[in-house]
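Examining the three-dimensional arrangement
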Amino acid sequence: MRRAGRLIAGLALAAALPALAATDKPARSQAKAKPKSPSKTPAKAAPAADTHPTTETRHKVLAGETLGGIAGRAEVPRILIIEANGLKPPYAVREGQVLVIPRRRSHTVKEGETGFAIAMDYGVSWSAIAVANGIDPRGRVRAGQTLVIPTLTKAPPPVPAPATPDSDDEADETRPATRADQPAALRFTWPAPGKVRRGFVLRAKGVSSSESRARRSKTSPHDGIDIAGAKGDPVRAAAPGLVWFAGKEPNLYGNVVIIDHGRGWFSAYAKLSRVTVKKGELVRAGERVGLIGNTGSTSTTELHFEIRRNTVPRDPEALLPKR
């Protein structure tokens, strides 16, 4: 789950439309007409796009656009856009609709990074990345290795998504999260009752999950919160959604569950002694998804809990109810 090393990252590149030169000659009856001052009739500026068609990863459909035209300008096969957005025949698009434009990306592994952390940052399952690169998903990645980050070509199954529109298309990683960031239909609850042993610390822009975990101190970046608890205590889903991952991460996190809540919101539950749900299951808020444990890179028995928007870490305590 990165749009920081991230899944959805728009490029601030404007494309101006070429102006058409007027070639018509003035009529004879108008030959002596006083020309208008250029200052009073400024040329109409051509509209600029937010991103270049060949690099944008999200496209807002304009009036008169067709799927084929969008695919042609984006230089992405039409079928990939259809699959990435779950479009149904006859594949019509409507003005104002936002389409995901799938693109292949690459990532050069940095010192200390793990495959699962890379997957978290890009919002693509580690198994899919491993398959795309022909490597063992249970193995370790090495510094300097270049990985292909595959495009998600199929829309996920339906999940309980927020009912109200959410205009925050691009999560801002430079500001703290607040409850106002949440759509009205999505409310997170505490996944475990224990005290917060370590809180969230915002990471610097561009720093990866692995890099933030390598800088361990009270002031170093921390993508989530650590909640104290006894081994075997239940861990519950913070909100309804679809289980996106359920299994063991071989390096830092131990046993992990990741839930997709829709509209770019994810929650992660790590260091579990046992996972009690399966990938692809729909879960309700408060449903047990695992048991507290110490299966991560540290021996402390606790729950490591994260909330992300479009793969960007948000402060869980700012989004959870006060207690």
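Quick caveat: nothing in here was measured; it's all calculated off a predicted structure. (Residues numbered from 1 in each chain as written. Predicted model: local features only at pLDDT ≥ 70, side-chain atom pairs only at ≥ 80, totals over all residues. Heavy atoms only, no water.)

Some details on the sheet that holds strand β13 (residues 288–291)
This is how it is decided: When DSSP locates at least two bridges between a pair of strands, those strands are taken to pair. The helix count covers DSSP runs of H or I at least four residues long, the strand count covers runs of E at least two residues long, and both are numbered beginning at the N terminus.
Across the sheet, which stays open at both edges, the 3 strands sit in the order β7-β13-β11 with antiparallel pairing between neighbours. The open sheet has two free edges, formed respectively by β7 (234–236) and β11 (274–275), since each of these has just one partner strand. The sheet contact formed by β11 and β13 spans 2 bridges and is antiparallel. The residue bridging V275 from the neighbouring strand is G290, located in β13.

Considering helix α4 (residues 126–133)
Put simply, the rule reads: Partly exposed describes any residue whose relative accessible area lies between the buried limit of under 20% and the exposed limit of over 50%, with all areas from a 1.4 Å probe on protein chains only and scaled to the type maximum. Directions are taken from the helix axis to each C-beta atom, and the arc is the one they span. Should any heavy atoms of two residues lie within 4.5 Å, those residues are considered in contact.
Those residues of α4 lying buried are W126, I129 and A130. The buried residues of α4 occupy an angular sector of 100° when the element is viewed end-on, so they sit on one face. For α4, the elements touching its buried residues are α3 (115–122) and β4 (146–149). Positive backbone phi, at 65°, marks G134, one or two positions downstream of α4.

Quick word on the confidence of the model for the protein chain
Inclusion rule: Every residue gets a pLDDT, meaning the predictor's confidence in that residue, from 0 to 100.
Of the residues in the protein chain, 68% have a pLDDT of 70 or more, and the chain-wide mean is 74. Counted against residues more than four places away or in other chains, residues 1–50, with its pLDDT under 50, gives 79 contacts. Here residues 153–174 scores under 50 on pLDDT; set against residues more than four positions off or in separate chains, the count is 67 contacts.

Here's the deal with the pattern of salt bridges
The criterion, for reference: The working definition used for a salt bridge is a side-chain nitrogen of Lys or Arg within 4 Å of a carboxyl oxygen of Asp or Glu.
Inspection of the entire model under this criterion finds 7 salt bridges. Notably, a salt bridge pairs K271 with E302, separated by 3.3 Å at the nearest N-O pair. One end of the pair, K271, is in strand β10 (residues 265–272); the other, E302, is in strand β14 (residues 302–309), and 31 residues separate them in sequence. Like K271, the residue E302 is buried in the burial classification. R284 serves as the salt-bridge partner of E287, at 3.9 Å between the closest nitrogen and oxygen. Look at R284 and you get exposed, because its relative accessible area is 59%. Salt bridges linked by common partners bring D121, D223, E306 and R308 together as one network.

What to know about unusual backbone geometry
Note the cis peptide between P89 and P90, where omega equals 10°. By the element assignment, P90 lies in the loop between α2 (78–85) and β2 (98–100). The backbone of R263 sits at a positive phi, close to 55°, despite the residue not being glycine. Located in the positive-phi region is N310, a residue other than glycine, with phi close to 50°. If you trace the backbone, N310 turns up in the loop between β14 and β15 (312–314). The exposure class assigned to N310 is buried, which follows from its relative accessible area of 8%.

Focus: the environment of G232
Its location among the elements puts G232 in the loop between β6 (225–228) and β7. As a C-alpha pair, G232 and L291 span 59 residues in sequence and 4.9 Å in three-dimensional space. If we ignore the near neighbours within four places in the chain, the residues touching G232 are S273, L291 and I292.

Concerning the packing of aromatic side chains
Let me state the cut-off plainly: The pairing test for Phe, Tyr and Trp rings, Trp by its six-membered ring, is centres within 6.5 Å, and the orientation test on the planes gives stacked under 30 degrees, edge-to-face over 60, and tilted for anything in between. Look at NZ for Lys and CZ for Arg. If either is within 6 Å of the ring centre and within 35 degrees of the ring normal, a charge sits over the ring.
Here the structure, examined in full by the defined rule, presents 3 aromatic pairs. Measuring from centroid to centroid gives 5.2 Å for Y269 and F305, while their planes differ by 45°, and the two rings are tilted. In this pair, Y269 sits in strand β10 while F305 sits in strand β14, placing the two residues 36 residues apart along the sequence. For the residue pair Y269 and F305, the accessibility class agrees, reading buried in each case. Lying over the aromatic face of W190, R323 brings its terminal NZ or CZ to 3.6 Å of the ring centre.

Focus: the side chain of H107
Selection rule: Under the rule applied, a polar contact is a pair of N or O atoms within 3.5 Å (in protein, one hydrogen donor and one hydrogen acceptor; residues adjacent in sequence only if both atoms are side-chain atoms).
For H107, the location among the structural elements is in strand β3 (residues 105–108). What makes H107 buried here is its relative accessible area of 6%. Side-chain polar atoms of H107 contact the side chain of E113, separated by 2.8 Å.

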